[in-house]
Amino acid sequence: MTRTSSPDFEPGTLNPYVVQAREVTGGDRYGYKVVAVIDQAWDGWRAYRGPTSWSDQQVAEHGDPLSEEAAQALFPTLAAAGRVFAP
């Protein structure tokens, strides 16, 4: 059984990386922390997701990259700012 918050998700928030489809039930709570990073050296940006208990810095350094479509939906102001999305 993989219905767990471990590792790194806050209690009550199940780890969406490990829960299997057949284990999903009504009332479950899933989540990620999502962080956008604006590059300093050029006009680019990117976004990452990670466990809910990670710091913003951890997510930015070790999180999973988001697709451009997902990042633009979550951060429409950054998408509209004319910066280049860099996966």
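Analysis parameters
- Residues numbered from 1 in each chain as written.
- Predicted model: local features only at pLDDT ≥ 70, side-chain atom pairs only at ≥ 80, totals over all residues.
- Heavy atoms only, no water.
- Phe/Tyr/Trp six-rings, centres within 6.5 Å; stacked < 30°, edge-to-face > 60°.
- Helix = DSSP H or I, 4+ residues; strand = E, 2+ residues; numbered from the N terminus.
- Lys NZ or Arg CZ within 6 Å of the ring centre and 35° of its normal.
- Buried < 20%, exposed > 50% of the residue type's maximum accessible area, 1.4 Å probe, protein only.
- Pairing = 2+ DSSP bridges.
- Salt bridge = Lys/Arg side-chain N within 4 Å of Asp/Glu carboxyl O.
- Polar contact = N/O pair within 3.5 Å; in protein donor to acceptor, adjacent residues only side chain to side chain.
- Patch = residues over 30% accessible without salt bridge, like charges linked within 9 Å, V, L, I, M, F, W, Y side chains within 5 Å.
- Areas by Shrake-Rupley, 256 points an atom, 1.4 Å probe, with all protein chains shown as cover.

Visitor: Help me understand the packing of aromatic side chains, please; the structure alone is not making it clear to me.
Guide: Each aromatic ring pair is characterised by the separation of its centres together with the angle its planes make. Taken as a whole, this structure holds five aromatic pairs when the rule is applied. A centroid spacing of 6.3 Å and a plane angle of 80° characterise the contact between W45 and F75, whose relative ring orientation is edge-to-face. With W45 in strand β2 (residues 44-50) and F75 in the loop between α2 (68-74) and α3 (76-80), the pair connects residues that are 30 residues apart, well separated along the chain. Residue placement shows R49 over the ring face of Y32; its charged tip is 4.5 Å from the ring centre.

Visitor: What should I look at first to understand the pairing of β2 in this one?
Guide: Working note: regular strand, side chains alternate between the two faces of the sheet. By the criterion of burial, β2 is predominantly enclosed, with five of the seven residues buried. Pairing of β2 with strand β3 (residues 64-65), which is carried by two bridges, proceeds in the antiparallel orientation. The residue of β3 that forms the bridge with Y48 is P65.

Visitor: Teacher, can you tell me more about the pattern of salt bridges here?
Guide: Opposite charge on two side chains permits them to pair, given that their charged atoms come into close proximity. Going through the model one piece at a time under the given rule, you end up with four salt bridges. D39 is the salt-bridge partner of R46, the closest N and O atoms lying 2.3 Å from each other. Owing to a relative accessible area of 16%, D39 belongs among the buried residues under this scheme. Between D43 and R83 there is a salt bridge; the shortest N-O distance is 3.1 Å. Separated by 40 residues along the polypeptide, D43 in the loop between β1 (33-38) and β2 and R83 in the loop between α3 and β4 (84-85) bring together distant segments of the chain.

Visitor: Which parts of the structure should I look at to understand the side chain of S5?
Guide: Among the structural elements, S5 can be located in the segment before β1. Using a relative accessible area of 17% as the deciding quantity, one classes S5 as buried. A polar side-chain atom of S5 sits 2.9 Å from the main-chain carbonyl oxygen of T13.

Visitor: I would appreciate a short explanation of a nonpolar patch on the surface in the present structure.
Guide: Nonpolar side chains collect at one region of the surface, where Y17, V18, Y32, V34 and L74 lie side by side and expose about 390 Å² of accessible area between them. Tracing the chain through its elements places L74 in helix α2.

In short, the description is geometric, and any link to function would need to be established separately.
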